[in-house]
Amino acid sequence: KQEVTQIPAALSVPEGENLVLNCSFTDSAIYNLQWFRQDPGKGLTSLLLIQSSQREQTSGRLNASLDKSSGRSTLYIAASQPGDSATYLCAVIGGATNKLIFGTGTLLAVQP
Amino acid sequence: DAEITQSPRHKITETGRQVTLACHQTWNHNNMFWYRQDLGHGLRLIHYSYGVQDTNKGEVSDGYSVSRSNTEDLPLTLESAASSQTSVYFCASSESRQGQATQYFGPGTRLLVL
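Model, not experiment: these values are computed from the prediction.

Definitions and cut-offs
- Residues numbered from 1 in each chain as written.
- Chains lettered and ligands numbered in written order.
- Predicted model: local features only at pLDDT ≥ 70, side-chain atom pairs only at ≥ 80, totals over all residues.
- Heavy atoms only, no water.
- Helix = DSSP H or I, 4+ residues; strand = E, 2+ residues; numbered from the N terminus.
- Buried < 20%, exposed > 50% of the residue type's maximum accessible area, 1.4 Å probe, protein only.
- Contact = heavy atoms within 4.5 Å.
- Polar contact = N/O pair within 3.5 Å; in protein donor to acceptor, adjacent residues only side chain to side chain.
- Core = buried A, V, L, I, M, F, W, Y, C linked by side-chain atoms within 4.5 Å.
- Pairing = 2+ DSSP bridges.
- Axes fitted to C-alpha atoms, helices over the stretch in contact; angles between N-to-C directions.

Undergrad: Please clarify how the environment of B:His10 should be interpreted in this entry.
TA: All names here are of chain B. For His10, the position within the fold is in strand S2 (residues 10-13). Taking the relative accessible area as the measure of exposure, His10 reaches 58% and is therefore exposed. Along the sequence, His10 and Arg110 sit 100 residues apart, while their C-alpha atoms lie 4.7 Å from each other.

Undergrad: Teacher, can you tell me more about the environment of A:Ser73 here?
TA: All names here are of chain A. Positionally, Ser73 belongs in strand S8 (residues 72-77). Every residue in contact with Ser73, bar those within four places of it in the chain, is listed here: Leu21, Asn22, Cys23, Phe25, Leu33, Trp35, Ser65 and Leu66. At 3.1 Å, the side chain of Ser73 forms a polar contact with the side chain of Trp35.

Undergrad: Teacher, can you tell me more about the nonpolar core here?
TA: For soluble globular proteins, nonpolar side chains are generally found buried alongside one another. The biggest cluster of nonpolar side chains holds 22 residues, and the ones touching the most others in it are A:Phe25, A:Leu33, A:Trp35, A:Leu75, A:Ile77, A:Tyr88 and A:Leu108. Counting only elements with at least two residues in this core, the list comes to strand S3 (19-25), strand S4 (32-38), strand S5 (44-51), strand S7 (62-67), S8, strand S9 (86-93) and strand S11 (106-111) of chain A. Excluding its chain neighbours within four sequence positions, the residues that come into contact with A:Leu33 are A:Cys23, A:Phe25, A:Leu48, A:Leu49, A:Ile50, A:Leu66, A:Ser73, A:Cys90, A:Ala91 and A:Val92. Counting 18 residues, the second-largest nonpolar core is a separate cluster that includes B:Trp34, B:Val60, B:Leu78 and B:Leu111.

Undergrad: Before we go on, may I ask you to explain the sheet that holds S7(A) in this structure?
TA: By definition, the strands of a sheet pair up through backbone hydrogen bonds, in either a parallel or an antiparallel sense. Residues and elements named next belong to chain A. Reading across the sheet, the 5 strands line up as S1-S3-S8-S7-S6 and stay open at both edges, with antiparallel pairing between neighbours. Lying at the two open borders of the sheet, with one neighbouring strand each, are strand S1 (4-7) and strand S6 (56-59). Direction aside, neighbouring strands of the sheet carry axes that sit 15° apart on average. The pairing of S7 with S8 spans 6 bridges and is antiparallel. Bridge assignment links Ser65 to a residue of S8, and that residue is Thr74.

Limitation: the analysis is restricted to geometry and does not speak to function.
Below, the structure is given as structure tokens:
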């Protein structure tokens, strides 16, 4: 059974710092991995999707990498801003099922 | 702009009552999903559909049902609400059946069962 783990559970950094969020999964047979952002009381916003054949994806200050063989993904946020404060979730799809399996998230606080 | 909406956004009900949560998407996506989000468990899949008249059970489907009569809507019904079903419910949709497409999420429905 696929399990997704995110470390750390919470992170607080000063504004301007570069930071890395980690995601690990137990079964490397995935179709893709998706990173989401969730603001308090809101829905999920998709940030980046990495196909299983890809190594990384970039969007603005965000860069996500994928290492299937080791079962790991990282989300790199450059020059963090207070507006980046949110919970970040990673999720994987194993096989052609479209069923996302989520980690429990990392709560990020960027201090001004 | 295409979007996915959920109603109601907040609901309080009593144990034993039947409750239906609505989900409507204008993306024209074939795939639709219902998740619940609970502290300590993250998001878990309840039911999903790959198209009209197609429904499938997810990880935590007991006590829930869905029906898909058109592309745009996938209502979630709690047959007899239980306190354990107090949660935040999210609907999502995606384009591709092959696991390659982004899932788009609605804003969620907060359900309290007393």
